[in-house]
Amino acid sequence: MTFAYGETVAVENVSLTVEEGSFLGLIGPNGSGKTTLLHLLIGLKEPDSGSVELFGQPMSAFEDGERIGYVSQRATDRSGTMPVSVREAVLMGRFPHAGLGRIGEEDREIAARALERVGIAELADRPIGQLSGGQRQRAFIARALASEADLLALDEPTVGVDADSRTEFYNMLDELNDEGITIILIEHDVDILTEHVDSVACLNRELYHHGDTVSFLESDAIAEAYGTTGRVIAHEHP
Amino acid sequence: MSAEAADETESVGTRATDSRHAAERIALGSIGLLALVMLGFVFVDWLRQLGGPAGAVGVAVFEGYVGAGGALDALLGTRVFEFPGTIRAVATGVLVGIVGPLVGAFLVHRQMALIGETLAHTAFAGVAIGVVVTGLTGLAGTREQLIFVAFFVSALAALGLQRLTERTDSYGDVPIAIVLTGSFALGTLLISAFRDRIAIGIEIEDFLFGQLAIVTVDGTRMVAVLTVAVVALVVLNYKQLFYITFDEQAARVARINVGGYNSLLIVMTALVVVGAMQILGVILVAGLLVIPAAAASQVGRSFRETLSLSVIFGQCSVLLGIFLALVGGLPAGGSIILVAIAVYALAVGLSDRSTNLSVH
């Protein structure tokens, strides 16, 4: 599929299939179309050409919003300024299930269990704006779990999160993936990405590599995608 | 701190939260009751015109309301509440004091604070169009007809504005400024152009600055209907409105009809603005939507609590503002807004919040 913002082509001729239960990392330089691709995959944008299927259904026919848990880059939600308790934010995961009906006791229990699962049950009554970056991202994962999502789509979830919390966060993602949840993740840090995901899609407008992590590390995809003169974000090991 | 001391602090904190929630519930309950009493007044005001046995009941209950107003006068040493016109104005105030802040709480957090102001100005254009149309077609051009036209023009403008902002991809200042000034320009031009040709039976200033005395029987009835409709719609669609306000992208992913709910919110805003405009005037009406919600956001710890506090703060401002206006012979719009700002200042003072709300 291909997608352009006006004249600027962001994603070109990308074709990929995400296997159920996989843990896919999207990587590429800044402005390489990672977020655009993620948005195309979950239906936030429509491709100019090509098509997307979610869980085997064409995007236009896809109605089961609760099957996708989406955690956007931190700036797009209002958790900084809007007084919303953590419990309320997690309960949102039940909204697609409830439709126009009321949120019941069962929904509250599912939300409470999701909060426990991500380890922030004691923060339920705090305004989400008062949480640390890592805790806040856990709250959004809890929202996805409350939604009983089969697919987690995460856009650079640990930007601005300290190193220890980040490690814990990724360990939690590993556990969720082991439990059968498919995860698509954008992460700019190659080291931490390759440590956790089982497959990698390397992107710079076009798809440079898509395969398991081992084959990605052996390939030159990253150097090609970032360009020979481009700065590779991979950390240097002494 | 020892574990016991920590437990102690915790339980004190829980008790404080519990009593705070209890106080909020009592306040909300009182407002609900007051609203029912006022809706009852609007109902018997309508019923008494029907004639027959139902009309007789209406007249009797209506007299009861007027008597109660007289008793309130005796209590306060005033001579205002014994007049049905005052009771109508108070009823309108109480009802818009609920729906204004209720809708406003969503608008403030969608960073659409000035949309109310814009829609009020389109309503002014609506009034002007109404003046011209009723004048040219030989209708009476009563305030009721004008407000009715204003409802339609404002709702249409709301949808148009939404289209415009969707194309420019955000609720930026520019479309707001264009529609706000454009509709006001249209209104002033229409009224000036036709001033000499048709009789204009109303004072335009009343619409600009609001006037308790211009609240008519039909105007109050419209506000009653729109109050019931807006409260029912917000209750029914609370989850969706909350979700799109908090995280629009995630709401889209969850396959919530974001565009549809945006339209719903903006059309509800248009209706509320026209209803509230009768008391607050075109220029001040946005304050009733924005200021109580901003105050509530300073102290609310959850969105549900913020909504409750918005309505409580809004209602306090309306009641105290109308009272001061009636007793002091002041314009109600100005006193309501100044009371609301005093409540806001108090909330900012009490708040432990470091983040600032952006109200552009």
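How each quantity is defined
Residues numbered from 1 in each chain as written. Chains lettered and ligands numbered in written order. Predicted model: local features only at pLDDT ≥ 70, side-chain atom pairs only at ≥ 80, totals over all residues. Heavy atoms only, no water. UniProt positions renumbered as here; feature names shortened; annotations may be inferred. Phe/Tyr/Trp six-rings, centres within 6.5 Å; stacked < 30°, edge-to-face > 60°. Helix = DSSP H or I, 4+ residues; strand = E, 2+ residues; numbered from the N terminus. Buried < 20%, exposed > 50% of the residue type's maximum accessible area, 1.4 Å probe, protein only. Lys NZ or Arg CZ within 6 Å of the ring centre and 35° of its normal. Pairing = 2+ DSSP bridges. Axes fitted to C-alpha atoms, helices over the stretch in contact; angles between N-to-C directions. Expected span 1.5 Å × (residues − 1).

Looking up chain B in an unreviewed UniProt entry gives the name Iron chelate uptake ABC transporter family permease subunit, with the organism given as Halovenus carboxidivorans. Reading the Subcellular location (unreviewed entry) entry of the UniProt record for chain B gives the comment "Membrane". Here is the UniProt Sequence similarities (unreviewed entry) comment for chain B, exactly as written: "Belongs to the ABC-3 integral membrane protein family."

## Brief notes about the packing of aromatic side chains
This model, assessed by the stated rule, comprises 14 aromatic pairs over all chains. Pairing A:Phe95 with B:Phe242 gives two aromatic rings, centres 6.3 Å apart and planes at 55°, and the pair type is tilted. Remark: B:Phe242 occurs in helix 9 (residues 238-246) and A:Phe95 occurs in helix 3 (residues 95-98); the pair is interchain, linking two chains. Each member of the pair A:Phe95 and B:Phe242 is classed as buried. Three or more aromatic residues link up through ring pairs in this structure, and these residues are A:Phe95, B:Phe106, B:Tyr238, B:Phe242, B:Tyr243 and B:Phe303. Positioned above the aromatic ring of B:Phe62, the side-chain terminus of B:Arg48 is 3.7 Å from the ring centre. Note that B:Arg304 overlies the ring of B:Tyr238, its terminal NZ or CZ placed 5.0 Å from the centroid.

## Looking at the sheet that holds strand 10 (residues 206-212) of chain A
Residue and element names in this part refer to chain A. Strand order in the open sheet formed by six strands is 6-7-8-3-9-10, and the pairing between neighbours is mixed. Here the strands that pair on one side only, and so sit at the sheet edges, are strand 6 (68-71) and strand 10. Shown here is a sheet whose adjacent strand axes are inclined to one another by a mean of 15°, direction ignored. Summarising the sheet, strand 3 (residues 23-27) and strand 8 (residues 182-186) pair through four bridges and their orientation is parallel. Residue pairing across strands places Phe 23 opposite Ile 183, the latter belonging to strand 8.

## So, helix 5 (residues 133-146) of chain A
Residue and element names in this part refer to chain A. Here helix 5 is 14 residues long and its end C-alpha atoms lie 20 Å apart, about the 20 Å a rise of 1.5 Å per residue gives. With 13 of 14 residues buried, helix 5 lies mostly within the body of the structure. Phi turns positive one or two residues past the end of helix 5, at Glu 148, with a value near 60°.

## A look at unusual backbone geometry
For residues other than glycine, phi is negative in most cases, and the peptide bonds are mostly trans. Residues and elements named next belong to chain A. In this structure, Phe 55 takes a positive phi of about 50° despite not being glycine. Relative to the helices and strands, Phe 55 resides in the loop between strand 4 (53-54) and strand 5 (57-58). For Phe 55, a relative accessible area of 32% puts it in the partly exposed group. Even without being glycine, Arg 205 reaches a positive phi, approximately 70°. Look at Arg 205 and you get partly exposed, because its relative accessible area is 37%.

## Some thoughts on the pairing of strand 10 of chain A
Residue and element names in this part refer to chain A. The pairing of strand 9 (residues 199-204) with strand 10 spans six bridges and is classified as antiparallel. The residue bridging Leu 203 from the neighbouring strand is Leu 207, located in strand 10. From the end of strand 9 to the start of strand 10, which pair antiparallel, there are one residue, and Arg 205 there has a positive phi angle of about 70°.

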